[in-house]
Structures are given as C-alpha cells and as structure tokens.
Amino acid sequence: MMNTNHLDEIQELNLAYLLLAQRLLNDDRAAAMFRLKIDDETADLLVSLGVAQLTRLARTNQLLCHFGFEGVEQLRQVIDNPRDNGLSQFHASLLMASRGNASMSRGV
C-alpha cells in the first residue's frame, strides 16, 4: 500500500510539473527554458502536448523533474551560505545557472 501511495504522489507531482512547465513556456519561453534546463526541441514538444498526452506522460513511475543542483557540494554551498538572505537566492541562481550551461553544451 505504501508503494501505491508513493506512485500516486509521483504521478501527481509529474502532472503538476508538466502543467507548470507549459505555463512557464507560454509566459516567457527563454526564462522557462533556462529555469527548466531544457533545449528548444524539448520546449517545443512540451508546449505541443495535449491533455491526454500530458496525463499519459505524468503517469510514469519515474519523476520527470530532476534535482537542480549538480552535486552535494553545490547543495552545501546554498545551505551553508553565510550571505545575507537577499543575496542567498542570487547565489543559488548563479550555482544552478552554471549547471544549466554545462548540460546545454553537452546536449542534455
């Protein structure tokens, strides 16, 4: 029963993620691609998905979204950041942006 609950939660999260991705892409494509760490082809596909396709994709047993930090060291830099709160979000954005550029250049 516990596994069924986890699977239901994964599927709900997937659907929420896909709907958010579509909304972000429709509002500001460039910013969405940056935040989602996706390329043009993936963005085109996500925007083109209909309700039935989104639902089918969301029902997978794997998370579609991924953890945005490249490793534990990057995560520690954000968690243990001694900077003022106003700069900590900026610092996290810089760390994650560097990951996006690296993965985009690899074609991921």
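Residues numbered from 1 in each chain as written. Predicted model: local features only at pLDDT ≥ 70, side-chain atom pairs only at ≥ 80, totals over all residues. Heavy atoms only, no water.

1. Section: the overall build of the protein
Of regular secondary structure, the protein possesses six helices and zero strands. Starting at the N terminus, the α and β elements of the protein follow one another as α-α-α-α-α-α. Within the protein, buried positions represent 27% of all 108 residues. The long-range fraction of contacts in the protein, counting pairs at least 24 apart against all pairs at least 6 apart in sequence, stands at 60%. (Helix = DSSP H or I, 4+ residues; strand = E, 2+ residues; numbered from the N terminus. Buried < 20%, exposed > 50% of the residue type's maximum accessible area, 1.4 Å probe, protein only. Contact = heavy atoms within 4.5 Å.)

2. A look at the nonpolar core
Counting residues in each nonpolar core, the largest one holds 13 residues, and the members touching the most others are Leu18, Leu25, Met33, Leu36, Ile38, Ala43 and Leu46. Of all the secondary structure elements, the ones that give two or more residues to this core are helix H1 (2-27), helix H2 (29-36), helix H3 (40-48) and helix H4 (51-58). Ranked by residues supplied to this core, first place goes to H1 with four residues. Residues contacting Ala43, with those up to four places away along its chain left out, are Leu25, Arg29, Met33 and Ile38. (Core = buried A, V, L, I, M, F, W, Y, C linked by side-chain atoms within 4.5 Å.)

3. Things to note about the confidence of the model for the protein
Mean pLDDT for the protein: 82, with 72% of residues reaching 70 or above. When mean pLDDT is taken per element in the protein, H3 scores highest with 97 and helix H6 (residues 85-105) scores lowest with 58. Throughout residues 101-108 the model reports pLDDT below 50, and contacts reaching past four residues in sequence, or to other chains, amount to five contacts. (pLDDT = per-residue confidence, 0-100.)

4. Details of the packing of aromatic side chains
Applying the stated rule across the entire model yields zero aromatic pairs. For Lys37, the ring lying beneath its charged end belongs to Phe34, and the centroid distance is 4.8 Å. (Phe/Tyr/Trp six-rings, centres within 6.5 Å; stacked < 30°, edge-to-face > 60°. Lys NZ or Arg CZ within 6 Å of the ring centre and 35° of its normal.)

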